[in-house]
Amino acid sequence: MHITNVIKKPILTEKSYNNMAQGVYTFEVARGANKVQIKKAFEKIFEVKVAKVNVINYDPKEKRMGKFVGETTHTKRAIIKLKPGETLDLLGEDK
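Only a predicted model underlies this, so the values are computations on that prediction, with no experimental measurement involved. (Residues numbered from 1 in each chain as written. Predicted model: local features only at pLDDT ≥ 70, side-chain atom pairs only at ≥ 80, totals over all residues. Heavy atoms only, no water.)

Some thoughts on the overall build of the protein
Inference 1: Looking only at helices and strands, one finds three helices and six strands in the protein.
Inference 2: When the helices and strands of the protein are read in sequence order from the N terminus, they spell out α-β-α-β-α-β-β-β-β.
Inference 3: Judged by the C-alpha coordinates and their principal axes, the protein covers about 55 × 30 × 20 Å.
Inference 4: Across the 95 residues in the protein, those meeting the buried criterion constitute 27%.
Inference 5: Excluding contacts between residues fewer than 6 apart, the proportion of contacts in the protein whose partners are at least 24 apart in sequence is 58%.
Inference 6: Averaging the locations of the 19 positively and 11 negatively charged side chains of the protein gives two centres separated by 6 Å. (Helix = DSSP H or I, 4+ residues; strand = E, 2+ residues; numbered from the N terminus. Buried < 20%, exposed > 50% of the residue type's maximum accessible area, 1.4 Å probe, protein only. Contact = heavy atoms within 4.5 Å. Lys, Arg positive; Asp, Glu negative; His and termini not counted. Charge placed at Lys NZ, Arg CZ, Asp CG, Glu CD.)

Structure, rendered in structure tokens:
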């Protein structure tokens, strides 16, 4: 898997904003990526050192709209903790 296909987008929720102060970031990643690939891609793209990677698989959920039934998509998220002293300017706030 190519390095640019591993990390898809950041997950920006209230909980993830609170974790950013401690150097913990949440990203949606490719379903076929493992922890080692995620760590290497993150370090290469953002030029920071990663201390730990946790992965969460979200199964699809059934959703209804009237008589129609469908499912949400299966997603995989990575919670990435940076090494002490490392910072990531994800939102362009540090100026």
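Observations concerning the packing of aromatic side chains
Inference 1: This structure, assessed with the given rule, holds three aromatic pairs.
Inference 2: Centre to centre, the rings of F27 and F46 are 5.7 Å apart; their planes meet at 45°, and the pair counts as tilted. Taken as a pair, F27 in strand 2 (residues 24–29) and F46 in helix 3 (residues 35–46) lie far apart in primary sequence, 19 residues in all.
Inference 3: Centroid distance F42 to F46: 4.7 Å. Interplanar angle 45°. Geometry classified as tilted. Of this pair, F42 and F46 both sit in helix 3, four residues apart, which is roughly one turn of that helix.
Inference 4: Take F46: its relative accessible area is 27%, and that puts it in the partly exposed class.
Inference 5: By way of ring pairs, the aromatic residues F27, F42 and F46 are connected into one cluster. (Phe/Tyr/Trp six-rings, centres within 6.5 Å; stacked < 30°, edge-to-face > 60°.)

Thoughts on the side chain of S16
Inference 1: Considering the arrangement of structural elements, one finds S16 in helix 2 (residues 14–20).
Inference 2: With relative accessibility at 4%, the residue S16 sits in the buried group.
Inference 3: Ignoring anything within four residues of it in the chain, the contact list for S16 reads I11, V24 and T26.

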